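# Remarks on the overall topology
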Amino acid sequence: MDEGLRTGGGDGGATGDGGTATPAPGRMHTTPPLPADATDPESENRRDRLLAGLTLMFGVALVLLVPFALKEGSPFFLPLTAAIVIAIALVPVLEWLERHRVPAPLAALTCVVLFLTAANAALASIVVPAWGWVSILPERIDNIQSNVKPLIDFYANLESFVNKVIQELASSRPIQPAAAAAESPPRSILELFATSAPTAFIEMFFAILVIFFFLSGWTRLRRKAITSRTSFGGAMATARVIQDVVDDTSAYLGTITAINVSLGLVVAGALWLIGMPTPLMWGGIVALLNYIPYLGPILASALLALGGLMTFDDVWTALLPAAIMIGLHLVEANFVTPLVVGRRLTINPILILISLSFWGWVWGTPGALMAVPLLIIIQTVLNAAGKPDIAGFLFEHGTLVAGAGPLPPRPAADRETVVDSPEPPV
């Protein structure tokens, strides 16, 4: 009896059948206060906003500084990046040789020799004839002027300007043309190394070494990148990213190279039929410039128009090589490439233009040639790692927006309640 009274009288209430004390009428009931180590949601929200703001500022600063660092450090970053892109494109050849029991160093050396052979063939077929065209350009100024005169007649207001430009070109003839004509262009990679500046020689040699060591250690590097993950899911994700980068880059470069070489050969055959000198050189120029989206074909057409004006006496015949190039490129770009490449390697044209302008600004023509492969590598990595949702980060969740609205309600178990107790049931 006394024990029951002591149990029920602690808060002035009565004890039910289940032993639960019922609060007395009119009294206030409060839950225990939060522990000392609990975090206030409002201060936690302010801390999240501060961290998000600092992260955004550092990210913007990094994005703004990296292009200038790449541009100023082009003697190091340009050959390194070019070597890595070329090495990634040669990985399928390396893996094919290793599957046929060729040792890794020998397979890497074979890939480097194949690449240098192809580069030497391109150099011999393009640079040597182009050197001859450049040397006879001052002698063909009169022929160009006579060819473009009918076109200039349609635009009389531009005649004085064009004549002034032609006179300036004619007056820029070298003082010793015989000595200039006597110089021979480099006919191989070794001659190019010997006649180039020391810095260019060092950069090319550095790129070749990077390609060799990258390929020779590719299998070991990939295995280490996969096995060093702490979880099976991380290892599978790493393997998938590496394989996707290699597959997409090599597939794009291999496919585009085959298409460009085919286009160059077709253009060379058509130019040979109309009597254009050195058709293989023009086909090589078309194939090389076709690696640069949008701008490359325009530049190739302009060069063919200049070559036609230097060769033929009739203006319409002189413009025929450029017209052939434009027609074949339209067929290639609208029918052949979409059919061969397919949807897997389809890239947003806006991204291509942004990448082309960015890398062209950073590294010039070499950067423009590597713009699309670099875009494919970056896009493949982002697709696997997850793309940052900048719009959602800034606007949807209101992380950095002042006065984004009231904080979400706290869970009932974590907040303190002070309510009037109802009358106990009878």
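Quick caveat, the model's predicted, so the values are computed rather than measured. (Residues numbered from 1 in each chain as written. Predicted model: local features only at pLDDT ≥ 70, side-chain atom pairs only at ≥ 80, totals over all residues. Heavy atoms only, no water.)

### Description of the packing of aromatic side chains
Quick note on the threshold: Pairing of aromatic rings covers Phe, Tyr and Trp, the last counted by its six-membered ring, and requires centre-to-centre distances within 6.5 Å; plane angles under 30 degrees mean stacked, over 60 mean edge-to-face, and any other angle means tilted. Each helix corresponds to a stretch of at least 4 residues labelled H or I by DSSP, and each strand to a stretch of at least 2 residues labelled E; elements are numbered beginning at the N terminus. Buried means the residue's accessible area, taken with a 1.4 Å probe over protein chains only, is under 20% of the maximum for its type, while exposed means over 50%, and partly exposed covers the values in between.
If you walk through the whole model with that rule in mind, you get 8 aromatic pairs. Look at F68 and W361: their rings are 5.7 Å apart centre to centre, the planes differ by 90°, and that puts the pair in the edge-to-face class. Here W361 lies in helix α16 (residues 349-369) and F68 lies in helix α2 (residues 41-72), a separation of 293 residues in the sequence. Using a relative accessible area of 38% as the deciding quantity, one classes W361 as partly exposed.

### Details of the side chain of E332
Note the threshold: For this analysis, residues touch if any pair of their heavy atoms sits within 4.5 Å.
Its place among the elements puts E332 in helix α15 (residues 320-341). With relative accessibility at 10%, the residue E332 sits in the buried group. Beyond its immediate sequence surroundings of up to four residues, E332 is in contact with I259, L263, N290, T337 and P338.

### Concerning unusual backbone geometry
Although it is not a glycine, R101 sits at a positive phi angle of roughly 65°. Inspection of the secondary structure assignment puts R101 in the loop between α3 (74-99) and α4 (104-135). In this model, Y294 sits at a positive phi of 70°, which is unusual for a non-glycine residue. Structurally, the position occupied by Y294 is in the loop between α12 (279-289) and α13 (295-311).

### Examining the packing of helix α11 (residues 232-273) against α15
Heads up, the rule is: Fitting a line to C-alpha atoms yields each axis, with helices limited to the stretch in contact; the angle taken between N-to-C directions then spans 0 to 180 degrees. Roughly parallel refers to an angle under 35 degrees, roughly antiparallel to one over 145, roughly perpendicular to one between 65 and 115, and oblique to any angle outside these ranges. With the far helix as reference, a near helix turned anticlockwise by less than a right angle produces a left-handed crossing, and one turned clockwise produces a right-handed crossing.
Packing of α11 against α15 brings their axes to within 10 Å, and their N-to-C directions diverge by 150°. One finds that α11 runs roughly antiparallel with respect to α15. Pair α11 / α15 crosses with right-handed handedness. On the side of α11, the interface is formed by T255, I256, I259, L263, V266, V267, A270 and L271, while α15 contributes P321, I324, L328, H329, E332, T337, V340 and V341.

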